[in-house]
Amino acid sequence: ALAAHFQQAIADHEFQLYIQPKVCPNSNAVKGGEVLVRWQHPKYGLLFPGDFIPLFERNGKICELDFYMFEETCKLMQKWLKKDKQIVLSVNLSRAHLLISDLSFIDKFREIKESYHIPDNQIELELTESMMLSRQDIYMVKDMINRIREAGFLCSIDDFGFGYSSLTILKDLNVNTVKLDRQFFTDESEKSWMIVDHLIKLIHKLEMTVVGEGIESNMQVNKLQLAGCNLIQGYFYAKPMPICDFENWSVKQ
């Protein structure tokens with residue numbers, strides 16, 4: 001039923017942007033946000049990504065949804081720019097684009113960005129670490145990231161430290177930002193925080209920004225602040241929220 005309704009959902013703008021803030025722990029100011037999708041289905045109500053993303057990955061609709069969400073993000077940023085409001089937004093990129101291998105999707109993203117007059121380096125494309133399942137994948141991703149940067153986008157590695165994780169990723173990939181996976185912060189041991197502290201120092205020496213994600217407690221925020229983590233994303237500050245709520249929340253912050 002969800003698959004059959006997909007095209008109508010695109011036409012009726014049922015897929016909605018939710019944004020989770022990225023906050024600087026030193027100032028509590030909002031420095032960015034991650035765009036996430038929710039489906040306001042006319043029959044089933046509000047659906048979360050886990051309810052439909054795996055389906056669209058299987059039936060090939062995920063790339064079309066990525067383009068839709070990207071264009072909706074550009075529309076929003078165009079409105080903000082007219083109000084002199086600039087916040088970097090990150091948009092998730094499906095592994096399905098990598099499987100196509102021709103990288104033409106980057107040109108399409110660039111054309112959409114330019115059609116809405118979005119300046120370079122205002123949109124960040126997030127790649128999950130699970131996109132790199134083998135050494136061959138890393139070489140493909142390396143080329144893709146270089147193309148993404150040349151097209152005027154920032155680029156980040158999401159979920160770093162969760163699965164395939166290797167420090168060679170940091171050596172090989174020309175990304176702007178590394179997002180440390182929430183698994184680093186579920187273990188409160190001294191050893192775990194020692195790893196986090198040294199990872200942050202290493203990433204900074206490579207001139208990359210560090211984001212701690214999945215942060216839920218004041219203790220975690222304090223430790224990440226002491227370690228020099230640039231940005232924090234998680235329920236401690238805010239859950240993903242509709243655009244209007246995000247705008248109001250960020251002003252209050």
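Preceding this paragraph is the structure being described.
Residues numbered from 1 in each chain as written. Predicted model: local features only at pLDDT ≥ 70, side-chain atom pairs only at ≥ 80, totals over all residues. Heavy atoms only, no water.

K.L.:
Can you tell me about the overall build of the protein chain, naming the residues and giving the values?
P.N.:
The number of helices and strands found in the protein chain is 11 helices and 10 strands. On C-alpha atoms alone, the protein chain measures out to a radius of gyration of 18 Å, which is about the 18 Å that the 2.2 N^0.38 rule sets for 253 residues. Across its three principal axes, the protein chain shows a C-alpha extent of roughly 50 × 45 × 35 Å. In the protein chain, buried positions account for 50% of the 253 residues. Of the contacts made within the protein chain by residues no fewer than 6 positions apart, 68% connect residues no fewer than 24 positions apart. Of the roughly 12200 Å² of accessible surface on the protein chain, 51% is carried by carbon and sulfur atoms. If the 28 positive side-chain charges of the protein chain are averaged to one point and the 34 negative ones to another, these points end up 2 Å apart. (Helix = DSSP H or I, 4+ residues; strand = E, 2+ residues; numbered from the N terminus. Rg over C-alpha atoms; globule rule 2.2 N^0.38 Å. Buried < 20%, exposed > 50% of the residue type's maximum accessible area, 1.4 Å probe, protein only. Contact = heavy atoms within 4.5 Å. Areas by Shrake-Rupley, 256 points an atom, 1.4 Å probe, with all protein chains shown as cover. Lys, Arg positive; Asp, Glu negative; His and termini not counted. Charge placed at Lys NZ, Arg CZ, Asp CG, Glu CD.)

K.L.:
Can you explain the packing of aromatic side chains? Please cite residues and give values.
P.N.:
This structure, assessed with the given rule, holds 17 aromatic pairs. Measuring from ring centre to ring centre gives 5.9 Å for Phe52 and Phe56, while their planes differ by 50°; the resulting arrangement is tilted. Of this pair, Phe52 and Phe56 both sit in helix α2 (residues 49-59), 4 residues apart, roughly one helical turn. Both residues of the pair, Phe52 and Phe56, belong to the buried class. Ring centres 5.7 Å apart and planes at 40° place the aromatic pair Phe185 and Trp193 in the tilted group. (Phe/Tyr/Trp six-rings, centres within 6.5 Å; stacked < 30°, edge-to-face > 60°.)

K.L.:
How would you sum up the environment of Glu64? Please name residues and give values.
P.N.:
Relative to the assigned elements, Glu64 resides in helix α3 (residues 62-82). Placed 54 residues apart in sequence, Glu64 and Ile10 show a C-alpha to C-alpha distance of 9.2 Å. Once you skip the residues sitting within four places of it in the chain, Glu64 turns out to touch Phe6 and Gln7.

K.L.:
Break down the nonpolar core for me, citing the residues and quoting the values.
P.N.:
A general feature of soluble globular proteins is that nonpolar side chains tend to end up buried together. The biggest cluster of nonpolar side chains holds 78 residues, and the ones touching the most others in it are Phe15, Phe52, Leu65 and Leu180. With 11 residues, the single largest contributor to this core is α3. Residues contacting Phe15, with those up to four places away along its chain left out, are Phe6, Ala9, Ile10, Val37, Arg38, Trp39, Phe52, Phe56, Leu65, Tyr68 and Met69. (Core = buried A, V, L, I, M, F, W, Y, C linked by side-chain atoms within 4.5 Å.)

K.L.:
Provide a residue-level description of the pattern of salt bridges, including the pertinent values.
P.N.:
Tallied over the entire structure, the rule returns 13 salt bridges. Among the ionic pairs, Asp107 bridges to Arg147, the shortest N-O distance being 3.9 Å. Placement of the pair is Asp107 in helix α5 (residues 104-115) and Arg147 in helix α6 (residues 135-150), with a sequence separation of 40 residues. Of the residues examined, Arg147 reaches a relative accessible area of 27% and is grouped as partly exposed. For the salt bridge of Glu126 with Lys179, the shortest nitrogen-to-oxygen distance reads 3.0 Å. (Salt bridge = Lys/Arg side-chain N within 4 Å of Asp/Glu carboxyl O.)

K.L.:
Give me the environment of Leu199: which residues, what numbers.
P.N.:
Tracing the backbone shows Leu199 in helix α9 (residues 190-205). Classification of Leu199 as buried rests on a relative accessible area of 9%. Sequence separation between Leu199 and Leu173 is 26 residues, and the spatial gap between their C-alpha atoms is 16 Å. If near-sequence neighbours (up to four positions away) are discounted, Leu199 is found in contact with Phe160, Leu167, Leu180 and Phe184.

K.L.:
Give a detailed account of the environment of Leu202, specifying residues and quantitative values.
P.N.:
Structurally, Leu202 is set in helix α9. Separated by 35 residues in sequence, Leu202 and Leu167 place their C-alpha atoms 9.9 Å apart. Those residues in contact with Leu202 that lie beyond four places of it in its chain are Leu167 and Leu170.

K.L.:
Let's hear about the side chain of Glu34: which residues, and what values?
P.N.:
Tracing the backbone through its elements, the reader meets Glu34 in strand β2 (residues 30-41). On the basis of relative accessible area, Glu34 is assigned to the buried category, the value being 6%. Within the structure, Glu34 has its side chain in polar contact with the side chain of Lys179 (distance 3.1 Å). Only 2.6 Å separates the side chain of Glu34 from the side chain of Gln233, close enough to count as a polar contact. Contacts of Glu34, omitting those with residues within four sequence positions, involve Tyr18, Ile19, Gln20, Lys22, Ser90, Asn92, Glu126, Asp158, Lys179 and Gln233. (Polar contact = N/O pair within 3.5 Å; in protein donor to acceptor, adjacent residues only side chain to side chain.)

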